[in-house]
Amino acid sequence: MSAQPPPPAPASVAGDGQPPLQELPEAAPSGIRSGWAALRPLVLRLHFYAGLLVAPFLLVAATTGFLYACSYQAEKIVYADQLGVPVGRSELPVSEQVAAARKEHPEGSVSAVRPSPEDGATTRVLLSGVPGVDPDHTLAVFVNPYTGEVRGALEQYGSTGALPLRTWIDELHRDLHLGEPGRLYSELAASWLWVITGGGLVLWFGRRSAQRKLRGTTGRRRALTLHGTVGVWAAAGLFFVSATGLTWSTYAGETISDLREQLGQSTPSVTATAAGGEHAEHQAGSGTGEHGVGLDAVLKAARSEGLSNPVEIVPPADASSAYVVKQIQRSWPEKQDSVAVDPATGEVTDVLRFADYPVLAKLTRWGIDAHTGVLFGLVNQMLLAALAVGLITLIVYGYRMWWQRGRGSAFGRPVPRGAWQHVPAYVLVPLVACLAVLGYFVPLLGIPLVGFLAVDIVLGEIAYRRGRRTYA
C-alpha cells in the first residue's frame, strides 16, 4: 500500500521565526480564542500591512530627518564667513549696525533685529518684502558688531534662523518641496509610526524569550530578531518623534491646537500695544526700524527686565503698537521671556515670562525643539541622527523579512486574513471604538485604515468566491 502524504502544515505568519510553508485552502474559523492567542494574529496582520504600505513614507522621513539633524553643524561650516567675525574691543550701538545694513540693502523694510548673541558672532538685520525673496522668508543681513561691516546677506526661515542649506533640507523633510499638499506625506508617516511601533513591541514581548535570542540564528529568524531588537531600543524615540511631529501637522496639528485652546493651554503672547495707543508718535526712521526712542533704548529697557542674549527686537507694526523684544534661545535651559516697550517713552508696558506659560504650551515648545534638534544642542542632533539610522535599519530588515517570508512559494506572501473573527466581542468592540476615535482626531490614520479595510474585505470576498480564502 502506498504511503499517504503528510497533512499540510498551517501557514506561517510574520513574526513566528519559522520558514514559510504553503497556505491551506479556505476553512472555517476554529472558534473564539481568548487572551493573547486571539489578539496576536490581528496585531500581526496590522503590523505587517501597516509596515509594508507606510514604510516608503517612513523611509523618506527618516532619511531627510537624518540630513536635517546634520544640517545644524553643516550650516556653521558653510556660512562661517557670515556667522562669525574676529572679536573686537567693543560693539557699536545696535542702531548704527542697522544703519550700516540698510545702507547696503535699502530694499524692503526691517522686520526684526537679532543683536550679536555672543563674542565673535554677527548681528542679523532681518528684512521683509525684499524682491526675489520668498514671502515666508526674510533676508538676513549679517553685520560685524564691532566695525559695522556687512558680511553678506542670506535668506532666513523660521524662528531658529535657518539659512538656505538648512531651509532646503527642512522643506524636503516637511513637504518634499511640494508645498502644503506635500505635508500629507510627513503627517501620514507620523500618524502611523506609533501604531507600527506599538504593534511591533506587542509582538516582540509576546514571543518566547528563546525566540528573541540572536546568537546562533540564521536566515529569516535572524532578520526577525535583529528587526525586533533594534525596534525595542528605538521604540521610545519613535513614539516621541511621532507624537511631536503630529503637533504641528496639517490636520492632527489643527485638532491638537483646538484642544489646547479649549483647555486654556494655548501659547500666550505679550501685549504689544503702546501706552499712548493710537496717538503715540513713533517718528519712523526711513525704514531702519527706528521708532520713537530708538532700538538702543528699547534694548536697554529689555535688559533691565532680565532679557539676556540671544534676543530679537521686533519694531512696532503700526502707530498704536509697541516694540517687542523676545528671547530666542531654544536650547536648554530655554529663554523665551518677552517684553513690550513703548516707542514714545521707552518704558516696558508688558512682560511675559516663559515660567508663566501653561503646562501644555511648555510641553509643546520643548517637544518641538527636541524634535528639531535644538533643545539639547549637538547631543540632541546626534540622538536624532541615530534614531533615523535605526528606523532605516528597521525598514530594511522589515522588507527583507517580507521577501524571505514568500521565498519558495510566492514573493512576499501576506499574512492570512480573518484574524478578527477569533477575537472575543468584549475585546473587539472597545478596540474598534478606540480606533474610530483615534481615526477621527488623526485623519491620516483613520482614512487609510478604512481604505485598507474596504480593499481587504473586497479581496476577501473575491478569494472566498474562488474558494481560496484562509484564516490566520
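Small disclaimer: the values here were computed from a predicted structure and weren't measured. (Residues numbered from 1 in each chain as written. Predicted model: local features only at pLDDT ≥ 70, side-chain atom pairs only at ≥ 80, totals over all residues. Heavy atoms only, no water.)

A few words now on the nonpolar core. With 30 residues, the main nonpolar core has Leu-58, Trp-192, Leu-193, Ile-196, Leu-238 and Leu-391 as its most contacted residues. Mapped by element, the contributors of at least two residues to this core are helix H1 (36-78), helix H5 (183-206), helix H6 (219-247), helix H10 (377-406) and helix H12 (443-465). Per element, the largest residue contribution to this core is 8 residues, and it comes from H5. (Core = buried A, V, L, I, M, F, W, Y, C linked by side-chain atoms within 4.5 Å. Buried < 20%, exposed > 50% of the residue type's maximum accessible area, 1.4 Å probe, protein only. Helix = DSSP H or I, 4+ residues; strand = E, 2+ residues; numbered from the N terminus.)

What follows deals with unusual backbone geometry. As a rule of thumb, non-glycine residues mostly have phi less than zero, and peptide bonds are mostly trans rather than cis. For the bond running from Asn-309 to Pro-310, omega is -5°, close enough to zero to count as cis. Cis geometry marks the peptide bond from Trp-332 to Pro-333; its omega dihedral reads -5°. Mapped onto the elements of the fold, Pro-333 is located in the loop between strand S6 (323-327) and strand S7 (338-341).

Right, let's get into the packing of aromatic side chains. On inspection of all chains with the given rule, the structure shows 9 aromatic pairs. Ring centres of Tyr-68 and Tyr-72 lie 5.4 Å apart, and the angle between their planes is 75°; this geometry places the pair in the edge-to-face category. Here Tyr-68 pairs with Tyr-72, and both are found in helix H1, just 4 residues apart, close to one helical turn. For the pair Tyr-68 and Tyr-72, one class covers both residues: buried. Between the aromatic rings of Phe-354 and Trp-366, the centroid separation amounts to 6.0 Å while the plane-to-plane angle is 70°, which identifies the pairing as edge-to-face. Of the two residues, Phe-354 is situated in the loop between strand S8 (348-352) and helix H9 (359-371) and Trp-366 in helix H9; the sequence distance between them amounts to 12 residues. Since its relative accessible area comes to 26%, Trp-366 is described here as partly exposed. Ring-pair connections join several aromatic residues into one group, and the members of that group are Trp-332, Phe-354, Tyr-357, Trp-366 and Phe-376. (Phe/Tyr/Trp six-rings, centres within 6.5 Å; stacked < 30°, edge-to-face > 60°.)

Let us now look at the pairing of strand S3 (residues 138-143). Of all 6 residues that make up S3, 6 are buried, and the element is covered over most of its length. Going residue by residue along S3, you find Thr-138, Ala-140 and Phe-142 tucked away on one face and Leu-139, Val-141 and Val-143 tucked away on the opposite face as well. Bridge count between strand S2 (residues 123-128) and S3: 5 bridges; the pairing is antiparallel. Within S3, the position partnered with Leu-127 by the bridge is Leu-139. Pairing between S3 and strand S4 (residues 150-156): 6 bridges, direction antiparallel. Note that in S4 the partner of Val-143 across the bridge is Val-150. Hairpin connection of S3 to S4: 6 residues between the antiparallel strands, including Gly-148 at a positive phi of 85°. (Pairing = 2+ DSSP bridges.)

Looking now at a nonpolar patch on the surface. A contiguous nonpolar patch, built from Leu-259, Leu-263, Val-359, Leu-360 and Leu-363 and spanning about 450 Å² of accessible area, is present on the exposed surface. By residue number, the principal contributor to the nonpolar patch is H9, which donates 3 residues. Mapped onto the elements of the fold, Leu-263 is located in the loop between helix H7 (252-262) and helix H8 (295-304). (Patch = residues over 30% accessible without salt bridge, like charges linked within 9 Å, V, L, I, M, F, W, Y side chains within 5 Å. Areas by Shrake-Rupley, 256 points an atom, 1.4 Å probe, with all protein chains shown as cover. Salt bridge = Lys/Arg side-chain N within 4 Å of Asp/Glu carboxyl O.)

The next subject is the packing of helix H4 (residues 164-175) against H5. It is at 6 Å that the axes of H4 and H5 come closest, and there the two elements cross at 65°. Across the interface between the two elements, Leu-172, His-173, Arg-174 and Asp-175 from H4 touch Arg-183, Tyr-185 and Ser-186 from H5. Of the residues belonging to the contact of H4 with H5, the class tally is 2 nonpolar, 2 polar and 3 charged. (Axes fitted to C-alpha atoms, helices over the stretch in contact; angles between N-to-C directions. Contact = heavy atoms within 4.5 Å. Nonpolar A, V, L, I, M, F, W, Y, C, P; charged D, E, K, R; others polar.)

Checked against the element boundaries, Leu-352 lands in strand S8. In the structure, Leu-352 is positioned 83 residues away from Ser-269 in sequence and 7.2 Å away in space, judged by C-alpha atoms.

Taken from the UniProt record, the annotation "transmembrane region" (unreviewed entry) applies to residues 48-69, 184-205, 226-248, 382-402, 423-441 and 447-464. Segment residues 184-205 splits into 100% helix and 0% strand. End C-alpha atoms: 32 Å apart. Between the end C-alpha atoms of residues 423-441 the distance is 25 Å, and the span holds 89% helix and 0% strand. (UniProt positions renumbered as here; feature names shortened; annotations may be inferred.)

With that settled, consider the environment of Thr-364. By the secondary structure assignment, Thr-364 is in helix H9. Once the C-alpha coordinates of Thr-364 and Ser-266 are considered, the two residues, 98 residues apart in sequence, prove to be 9.6 Å apart.

Between H5 and H6, the least distance of the axes is 8 Å, while the angle of their chain directions is 140°. In this structure, the crossing between H5 and H6 has a hand that is left-handed. Across from Glu-187, Ala-190, Ser-191, Leu-193, Trp-194, Thr-197, Gly-198, Leu-201, Trp-204 and Phe-205 in H5, the residues of H6 making contact are Leu-224, Thr-225, Gly-228, Thr-229, Val-232, Ala-235, Leu-238, Phe-239, Val-241, Ser-242 and Leu-246. Partitioned by chemical class, the residues of the contact of H5 with H6 number 13 nonpolar, 7 polar and 1 charged. (Left-handed = near helix turned anticlockwise from the far one by under 90°.)

Tallied over the full model, the rule gives 10 salt bridges. Asp-170 is paired through a salt bridge with Arg-174; the nearest N and O atoms lie 2.9 Å apart. You can see Asp-170 and its partner Arg-174 sitting in helix H4, 4 residues apart, about one turn around the helix. For the pair Asp-170 and Arg-174, a shared accessibility class is recorded, and that class is buried. Among the ionic pairs, Glu-180 bridges to Arg-183, the shortest N-O distance being 3.6 Å. Ionic contacts of the salt-bridge type, sharing partners, join the residues Arg-114, Glu-312 and Lys-326 into one network.

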